[in-house]
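Fold and geometry: a report
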Amino acid sequence: MNEKICMFCGHRDIINKVEIEYKVTEIIKDLIENKSVNIFYTGGMGDFDNICSKCVRKFKEKYSNIKLCLIIPYMTKDILRNGEYYYSLYDEIIEPDMGDVFPKGAIAKRNRWMVDKSDYMVVYVKSDYGGAYNTMKYALKNNKAITINI
């Protein structure tokens, strides 16, 4: 099977969640139906990731071939304790091998890993600072993903 991967990247806090969810739903539908995307990566951190994950789960009901993967920068006690819950939400939990890196740096490195692996990138970035902005900037600089900014 030919894999096409889309990652999500956006701000932790979103005010207009209903509007963003509508836009994300339309984008994901287009990615599945017209771009043959079948794998979606999320970091699972914050409002935007949660909205995107929720939308992908809805499409999984109609399209059995799509997968939602949680990409974690490091293993947490919460995931270890509640693994069954996490695996009920995600098809796969991936912890990329990033070598020795401090937890805060691991998030940025994980984000770059997702960009490098992705064909598409759905982004919600409204400021010129922070992790989501830096990830989008990395993607644009390296021509690694087609960025769709909501």
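Up top you'll find the structure we're talking about.
Presented here is an overview of the structure given in this document. Bear in mind the structure is a predicted one, so any value in this text is a computation, not a measurement.

**Topic: the layout of surface pockets**
Considering only enclosed or pocket space, the largest pocket measures out at about 580 Å³ in volume. For the largest pocket, the lining is made up of 27 residues, of which I107, N111, G131, A132 and T135 are closest to its centre. Taken together, the elements giving at least two residues each to the lining of the largest pocket come down to β1 (5-10), α5 (103-117) and α6 (131-142). Of the residues assigned to the lining of the largest pocket, the class counts are 10 nonpolar, 9 polar and 8 charged. Of the voids in this model, the second largest pocket is the one considered here, and its volume is about 200 Å³.

**So, the packing of α5 against α6**
At a minimum axis distance of 10 Å, the contact between α5 and α6 shows a crossing angle of 35°. Here α5 and α6 pass one another in a crossing that is right-handed. In this structure, α5 contributes N111, R112, V115 and D116 to the contact, and α6 contributes G131, T135, Y138 and A139. Counted by class, the contact of α5 with α6 contains 3 nonpolar, 3 polar and 2 charged residues.

**Digging into the packing of helix α1 (residues 17-35) against helix α2 (residues 47-60)**
One can describe the packing of α1 onto α2 by two numbers: an axis separation of 9 Å at closest approach and a directional angle of 50°. The angle between the axes of α1 and α2 places the two elements in the oblique class. With respect to the hand of their crossing, α1 and α2 are arranged in right-handed fashion. On α2, the residues touching K17, I20, E21, V24, T25, I28, K29 and I32 of α1 are D47, F48, I51, C52, K54, C55, V56, K58 and F59. A class-by-class count of the residues in the contact of α1 with α2 yields 10 nonpolar, 1 polar and 6 charged.

Criteria and cut-off values
- Residues numbered from 1 in each chain as written.
- Predicted model: local features only at pLDDT ≥ 70, side-chain atom pairs only at ≥ 80, totals over all residues.
- Heavy atoms only, no water.
- 1 Å grid on protein atoms, 1.4 Å probe; cavity = no way out; pocket = protein on both sides within 12 Å on 5 of 7 lines; lining within 4 Å.
- Points joined across faces, edges and corners; volume = space filled by probe spheres on them.
- Helix = DSSP H or I, 4+ residues; strand = E, 2+ residues; numbered from the N terminus.
- Nonpolar A, V, L, I, M, F, W, Y, C, P; charged D, E, K, R; others polar.
- Axes fitted to C-alpha atoms, helices over the stretch in contact; angles between N-to-C directions.
- Left-handed = near helix turned anticlockwise from the far one by under 90°.
- Contact = heavy atoms within 4.5 Å.
- Parallel < 35°, antiparallel > 145°, perpendicular 65-115°, else oblique.

So, to be careful, I would describe these as geometric facts and stop short of saying anything about function.
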